[in-house]
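# Analysis of the macromolecular model
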Amino acid sequence: MTAAVATAPSIANPTAAPGRRRVVMAWLVIVIGLVVVWEGAKWLFGDPWRIHTSLLGLPIDIEHIPPFKSRIATDLSLPHVWKVVGAFIEPAQRNGPPLGLILAGQALFTFREALIGFVFGGLLGLLLGVGFVHSKLAERAFVPYVVASQTVPILAISPLIVVATKAGWVSVAIISAYLTFFPVTIAALRGLRAADPRAFELMRSYAATKRNVLWKLRLPTSVPYLFSSLRVAAAASVIGAIIGELPSGIPDGLGSALLNYNQYYTSGPERLWATIVMCSIVGLGFVGLVRLGEVLLTRNRYRPQESR
Amino acid sequence: MADQDPAGALVVEATGVGKTFGDAETSVTALQDIDLSIRSGEFVSLIGPSGCGKSTLLRLIGDLTSPSGGSIKVNGKPAQRARLDRDYGMVFQAPVLMDWRTVAKNIELPLEIMGYAAAERAKRSAELTKLVELEGFEGRHPWQLSGGMQQRVAIARALAFDPKLLLMDEPFGALDEMTRERMNLELMRIWSRTKTTIVFVTHSIPEAVFLSTRVVVMSARPGRISKIVDIDLPQPRNVDTRETERYFELVTEVREALRSREREAAAPDVDRIRAEGLA
């Protein structure tokens, strides 16, 4: 028996969400596991180290020589976890603010570009989806190009966009939108058609206009589909923004930080790693915001367990 | 038979209606030579084996599909005109409720589409919630209701804009026997209150006899009307109706009508299969 108009959700117990505590625990376990693997690799394959100091008057002298050697686990390619964490606190330049603070500022800048790209890309993606759903001809004519647009390496076309638009962070937002619209279009194509066929017949029996059907049936039905794609799009928009920053020479974002610390990698590999961590924090944070929006918007819906 | 209520105007008038699906080579004849008149205030059930086209006939009346031949008039107009004029309400086997809308908002859906003012919508919705006895559940969402309650919301929604005709396609087919019988009583009460003409598709003989003023018995391959049984049980019908002798007689009559057609329909098929097997 289907209560829901959307055909996707099936019978499930809406109250059976795993506890928040368990989610946090699982997350912690994964982080700890990652650190263990990371440091384990260094223990086995990394560079030898020696601690020669004294603690409370007691001399300490520990030496570790890893049994194997591999280039990927040297301090240069894989700095110790605490060094990466420490890089956030240490100043990037002598007497300057800590790197973490600088990175946070740059992250905010990049996030703003990504957000603008996400909003425009998302709207464009949805509009395309709505257009395609209403015109089979347009769908057949243009969807292949939409797909083709994503097979072009973004790295190759981002300098073109930057040069052509000469618009600073706006061109970055355009590149971000370029990566964002695609998953939304694909999800819209599916979600806007996902309603129960009988719901369409019901609309027909009301002599509903296409606009009625769109607003009262198609769009509400597509919301869960759209949010799945918006999560993908949020992550992609951050990547798009960072990639867009590289050729545009914008100094205020994470893109320039990546370029910078990449250049001086040998003198401080942990800084590049810290920047990478910051990039993924921005992406994760953005995806988390989208998820929050989804929860708020679909509170009243019948939700299958697997979407929790 | 249509003269039962001579005062009532013709609500549905089907003449020589046929419906085939598929293209010329793979065509399946779902309906053939259907003549049926339904007058205002009637409760007509369509019953028959699966594949007899009873749902197709209902959908033709509602202009959810168009006939391959013949004509269908609803309220004296072509079926399409009647649909565009919002002359009928529709109830499916599944409630087909919008799970993002509350009970009240689901009932208001057709009213929103038809451009009723908010105050009028709220008023109608409150009246109908009362009619289907769902007071107190206005703010609930469909998935928080039982199957029977969901179907009651669907009925309220179909009646929200006061259509002259209610089309119901096995509305209680997914409910358990006890809920179904209760819903039958409910429907009788609603019907007597609203005076809506109802066309009701079912595959349950007791249900058809209990509810209807006429039962249209159909046969399959191709779908035809094989017999129309007048149900002269007194109104209003209630729990006791199911225990009267006349009720059992009529149930038997409908069952006989269904069985005789089955035998006839089955026979040539067997012959054909045998012939093909030998050839």
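Attention in this report is confined to the structure presented alongside it. (Residues numbered from 1 in each chain as written. Chains lettered and ligands numbered in written order. Predicted model: local features only at pLDDT ≥ 70, side-chain atom pairs only at ≥ 80, totals over all residues. Heavy atoms only, no water.)

Helix and strand counts for chain A stand at 10 helices and two strands. Tracing chain A from N to C terminus, the helices and strands come up as α-β-β-α-α-α-α-α-α-α-α-α. The C-alpha atoms of chain A give 25 Å as radius of gyration, which overshoots the globular expectation for 308 residues (19 Å, by more than 25%). Dimensions of chain A, computed from the C-alpha atoms along their principal axes, are close to 90 × 50 × 35 Å. Counting the 308 residues in chain A, one finds 42% classified as buried. Intrachain contacts of chain A at a sequence separation of at least 6 include 72% that bridge at least 24 residues. (Helix = DSSP H or I, 4+ residues; strand = E, 2+ residues; numbered from the N terminus. Rg over C-alpha atoms; globule rule 2.2 N^0.38 Å. Buried < 20%, exposed > 50% of the residue type's maximum accessible area, 1.4 Å probe, protein only. Contact = heavy atoms within 4.5 Å.)

Attention now goes to the overall build of chain B. Helices and strands together make up the secondary structure of chain B, namely eight helices and 10 strands. Computed over the C-alpha atoms, the radius of gyration of chain B is 20 Å, within 12% of the 19 Å expected from 2.2 N^0.38 for a compact globule of 279 residues. Projecting the C-alpha coordinates of chain B onto the three principal axes gives extents of approximately 70 × 45 × 40 Å. For chain B, with 279 residues in total, the buried portion stands at 53%. At a minimum sequence separation of 6, the contacts of chain B that also span at least 24 residues come to 70%. Accessible surface for chain B amounts to roughly 12100 Å². Of this, 51% is attributable to carbon and sulfur atoms. If you average the places of the 37 positive and of the 40 negative side-chain charges in chain B, the two averages end up 4 Å apart. (Areas by Shrake-Rupley, 256 points an atom, 1.4 Å probe, with all protein chains shown as cover. Lys, Arg positive; Asp, Glu negative; His and termini not counted. Charge placed at Lys NZ, Arg CZ, Asp CG, Glu CD.)

The next point concerns the environment of Pro183 of chain A. You can see Pro183 of chain A is positioned in helix H6 (residues 169-191). Remark: the alpha-carbon pair of Pro183 of chain A and Ala138 of chain A, spanning 45 residues in sequence, is separated by 18 Å.

Now for the pairing of strand E4 (residues 69-74) of chain B. All names here are of chain B. Relative to E4, strand E1 (residues 10-21) runs antiparallel, the two being bridged by five bridges. For Ala14, the partnering residue across the bridge sits in E4 and is Ile72. Bridge count between E4 and strand E5 (residues 77-78): two bridges; the pairing is antiparallel. Considered in E5, the bridge of Lys73 is made with Pro78. In sequence, E4 turns back onto E5 through a hairpin of two residues, with Asn75 there showing a positive phi of about 55°. (Pairing = 2+ DSSP bridges.)

Following the criterion strictly, the structure yields 29 salt bridges over all chains and no others. The salt bridge involving Glu139 of chain A is made with Lys136 of chain A; its shortest N-O contact spans 3.9 Å. Linking Glu139 of chain A with Lys136 of chain A, this pair stays in helix H4 (residues 136-151), spanning three residues, or about one helical turn. Relative accessible area serves as the criterion here: at 55%, Lys136 of chain A is assigned to the exposed category. Residue Arg189 of chain B is joined to Glu186 of chain B by a salt bridge in which the shortest nitrogen-to-oxygen separation is 3.4 Å. Placement of the pair is Arg189 of chain B and Glu186 of chain B together in helix H6 (residues 177-194), with a separation of three residues, close to one helical turn. (Salt bridge = Lys/Arg side-chain N within 4 Å of Asp/Glu carboxyl O.)

So, on to a nonpolar patch on the surface. Judged by side-chain polarity, Val24, Met25, Trp27, Leu28, Val31, Ile32, Val35 and Val36 of chain A come together as a nonpolar surface patch covering roughly 740 Å² of accessible area. By secondary structure assignment, the location of Met25 of chain A is in helix H1 (residues 20-45). (Patch = residues over 30% accessible without salt bridge, like charges linked within 9 Å, V, L, I, M, F, W, Y side chains within 5 Å.)

A few words on the packing of helix H3 (residues 99-134) of chain A against helix H10 (residues 269-297) of chain A. Residues and elements named next belong to chain A. As a packed pair, H3 and H10 sit with axes 10 Å apart at the nearest point and diverge in direction by 40°. The orientation of H3 with respect to H10, classified from their angle, is oblique. Along this stretch, H3 crosses H10, giving a crossing that reads as right-handed. Contact residues: H3 offers Leu99, Gly100, Leu103, Ala104, Ala107, Phe111, Ala114, Leu115 and Phe118, while H10 offers Arg271, Ala274, Thr275, Met278, Val282, Phe286, Leu289 and Val290. Along the lines of polarity and charge, the residues of the contact of H3 with H10 split into 14 nonpolar, two polar and one charged. (Axes fitted to C-alpha atoms, helices over the stretch in contact; angles between N-to-C directions. Parallel < 35°, antiparallel > 145°, perpendicular 65-115°, else oblique. Left-handed = near helix turned anticlockwise from the far one by under 90°. Nonpolar A, V, L, I, M, F, W, Y, C, P; charged D, E, K, R; others polar.)

Residues in a regular strand project their side chains so that they alternate between the two faces of the sheet. Residue and element names in this part refer to chain B. On strand E6 (residues 88-91), burial covers both faces: Tyr88 and Met90 on one face and Gly89 and Val91 on the other are all buried. Sheet topology places E6 next to strand E7 (residues 165-169); four bridges connect them, and they run parallel. Bridging from a neighbouring strand, Met90 pairs with Leu167 of E7.

So, on to the sheet that holds E6 of chain B. Residues and elements named next belong to chain B. One open sheet accounts for six strands, arranged E6-E7-E8-E3-E9-E10; its pairing is mixed. Of all the strands in the sheet, the pair left with one neighbour each is E6 and strand E10 (224-230). In this sheet, neighbouring strand axes are inclined to one another by 15° on average, regardless of whether the strands run parallel or antiparallel. Examined bridge by bridge, strand E3 (residues 43-47) and strand E8 (residues 197-202) share five bridges and lie parallel to one another. In the sheet register, Val44 faces E8, and the bridge partner there is Val199.

On to the nonpolar core. In terms of nonpolar packing, the biggest core is built from 94 residues, with Leu36, Leu46, Leu165, Val209 and Val254 of chain B touching the most fellow members. Ignoring anything within four residues of it in the chain, the contact list for Leu46 of chain B reads Leu36, Lys54, Leu57, Leu58, Val199, Phe200, Val201, Thr202, Val216 and Met218 of chain B. Core analysis: the next-biggest nonpolar cluster, separate from the first, contains 43 residues, Leu219, Ala241, Leu254 and Val282 of chain A among them. (Core = buried A, V, L, I, M, F, W, Y, C linked by side-chain atoms within 4.5 Å.)

In space, the four strands of this open sheet follow the order E2-E1-E4-E5 (chain B), with antiparallel pairing throughout. The strands lining the two open edges of the sheet, one partner per strand, are strand E2 (28-39) and E5 of chain B.

Here we come to the interface of chain A and chain B. Facing 25 residues of chain A, the contacting portion of chain B comprises 28 residues. Each partner contributes to the roughly 2600 Å² buried at the junction of chain A and chain B, and carbon and sulfur atoms together form 63% of this total. Broken down residue by residue, the surface that chain A buries against chain B is led by Arg204, Tyr206 and Lys216 of chain A, which jointly contribute 25%. The interface formed by chain A and chain B includes three salt bridges. Residue Glu112 of chain B is joined to Lys216 of chain A by a salt bridge in which the shortest nitrogen-to-oxygen separation is 2.8 Å. One can count seven residue pairs in polar contact (both at pLDDT 80 or more) joining chain A with chain B. Where the side of chain A that touches chain B is concerned, the elements lending two or more residues are helix H7 (197-205) and helix H8 (210-248) of chain A. (Buried area = accessible area lost by both parts, 1.4 Å probe. Polar contact = N/O pair within 3.5 Å; in protein donor to acceptor, adjacent residues only side chain to side chain.)

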